[in-house]
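# Reading the structure
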Amino acid sequence: DSGVTQTPKHLITATGQRVTLRCSPRSGDLSVYWYQQSLDQGLQFLIQYYNGEERAKGNILERFSAQQFPDLHSELNLSSLELGDSALYFCASKSGTAYGYTFGSGTRLTVV
Amino acid sequence: SQQGEEDPQALSIQEGENATMNCSYKTSINNLQWYRQNSGRGLVHLILIRSNEREKHSGRLRVTLDTSKKSSSLLITASRAADTASYFCATEQGPNAGGTSYGKLTFGQGTILTVHP
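Let us look at the structure shown here. Quick caveat, the model's predicted, so the values are computed rather than measured. (Residues numbered from 1 in each chain as written. Chains lettered and ligands numbered in written order. Predicted model: local features only at pLDDT ≥ 70, side-chain atom pairs only at ≥ 80, totals over all residues. Heavy atoms only, no water.)

### Some details on the pairing of strand 2 (residues 10-13) of chain A
All names here are of chain A.
- In strand 2, alternate side chains face the same way, and those of Leu11 and Thr13 are buried while those of His10 and Ile12 on the opposite face are not.
- Bridging between strand 2 and strand 11 (residues 107-111) involves four bridges; their strand directions are parallel. Residue pairing in the sheet places His10 in a bridge with Arg108 of strand 11. (Buried < 20%, exposed > 50% of the residue type's maximum accessible area, 1.4 Å probe, protein only. Helix = DSSP H or I, 4+ residues; strand = E, 2+ residues; numbered from the N terminus. Pairing = 2+ DSSP bridges.)

Given below as structure tokens:
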């Protein structure tokens, strides 16, 4: 257990639907980073939150949004899902600049 | 988009042999990190090397960084079957990178390592 908790582990949904992925960072970490891993794009940074505020945005589609709540957990909302959104979605947190990132075990999203 | 490339894409060796993976990147960096991923699971941080460091060791891992060539290598010595996994390098830019570049990792495509017992 890395300390970063992601739920659910697996999600199967139909095209056009909306899903919410949840992440709790490691205790004491204020930041949450979301990444998408797909076969064709590899690991791509989506978005970062720090203590409730959006800090950086990567290749995140307009159909996707995220937020970080006062208890520091974060949710990634994916809407109008397409087949190409099928991927592993990871969140990560970080303690400080001297350390690496701690990743959760991911949510495997399958859009059918 | 990916920051750089990893070489080789796949590596197959016998237990006890050494495994070397290379990573190249494109922009100036604050640090470079290596991660391991077992099939379809989460990434595990292995080692971080800062831009002002040239070599770092952690157990059976040795990482080198050449900022003039924008490249890094990961050496796993005396490999074991349990080392079978995908290995990714990832770069992190510093605060001067500004914009959306700071505070996120940019990953390479990864090397799939298979260690045969």
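More follows now that the structure is in view.
### Thoughts on the environment of Ala82 of chain B
Residues and elements named next belong to chain B.
- On the secondary structure map, Ala82 appears in the loop between strand 8 (71-76) and strand 9 (85-92).
- Assessed through its relative accessible area of 55%, Ala82 is described here as exposed.
- Each C-alpha atom, one on Ala82 and one on Val115, is 7.6 Å from the other, the two residues being 33 residues apart in sequence.

### Here's the deal with the side chain of Lys104 of chain B
- Note on placement: Lys104 of chain B falls in the loop between strand 9 and strand 10 (105-107).
- Glu92 of chain B provides the closest opposite charge to the buried, salt-bridge-free Lys104 of chain B, at an N-O distance of 10.0 Å.
- Within polar-contact distance, the side chain of Lys104 of chain B engages the side chain of Thr106 of chain B at 3.4 Å.
- Sequence-distant contacts of Lys104 of chain B, that is, excluding residues within four places in its chain, are made with Tyr33, Tyr35, Phe45 and Tyr101 of chain A together with Thr91, Glu92 and Gln93 of chain B. (Lys, Arg positive; Asp, Glu negative; His and termini not counted. Salt bridge = Lys/Arg side-chain N within 4 Å of Asp/Glu carboxyl O. Polar contact = N/O pair within 3.5 Å; in protein donor to acceptor, adjacent residues only side chain to side chain. Contact = heavy atoms within 4.5 Å.)

### Side note on the interface of chain B and chain A
- Each partner contributes to the interface: chain B provides 22 residues, whereas chain A provides 24 residues.
- The junction of chain B with chain A conceals about 1700 Å² of combined surface from both sides, 49% of it contributed by carbon and sulfur atoms.
- Applying the counting rule to chain B against chain A returns one salt bridge.
- A salt bridge links Glu92 of chain B to Lys94 of chain A; the shortest N-O distance between them is 2.5 Å.
- Summed over the shared surface of chain B and chain A, the number is five residue pairs in polar contact (both at pLDDT 80 or more).
- Listed by contribution, the elements that provide at least two residues to the side of chain B that touches chain A are strand 4 (31-37), strand 5 (43-50), strand 9 and strand 10 of chain B.
- Broken down by class, the residue content of the side of chain B that touches chain A amounts to seven nonpolar, eleven polar and four charged. (Buried area = accessible area lost by both parts, 1.4 Å probe. Nonpolar A, V, L, I, M, F, W, Y, C, P; charged D, E, K, R; others polar.)

### A closer look at the pattern of salt bridges
- Using the criterion set out here, one finds eight salt bridges over all chains in the structure.
- In this structure, Asp29 of chain A and Arg26 of chain A form a salt bridge, with 3.2 Å as the shortest nitrogen-oxygen distance.
- The buried category is assigned to Asp29 of chain A, whose relative accessible area is 3%.
- You can call Arg26 of chain A partly exposed: its relative accessible area is 27%.
- As a salt-bridge pair, Lys56 of chain B and Glu53 of chain B come within 4.0 Å of each other at their nearest N and O atoms.
- Among the residues examined, Lys56 of chain B registers a relative accessible area of 28% and is labelled partly exposed.

### Section: the packing of aromatic side chains
- Taken as a whole, this structure holds ten aromatic pairs over all chains when the rule is applied.
- On the basis of an interplanar angle of 50 degrees and a centroid distance of 5.6 Å, the ring pair of Tyr35 of chain A and Phe103 of chain A is categorised as tilted. Residue Tyr35 of chain A is found in strand 4 (residues 31-38), and its partner Phe103 of chain A is found in strand 10 (residues 101-103); the two are separated by 68 residues along the sequence. The pair formed by Tyr35 of chain A and Phe103 of chain A is uniform in burial state, with each residue classed as buried.
- Geometrically, the ring pair formed by Tyr35 of chain A and Phe107 of chain B is edge-to-face, given 5.7 Å between the ring centres and 90 degrees between the ring planes. (Phe/Tyr/Trp six-rings, centres within 6.5 Å; stacked < 30°, edge-to-face > 60°.)

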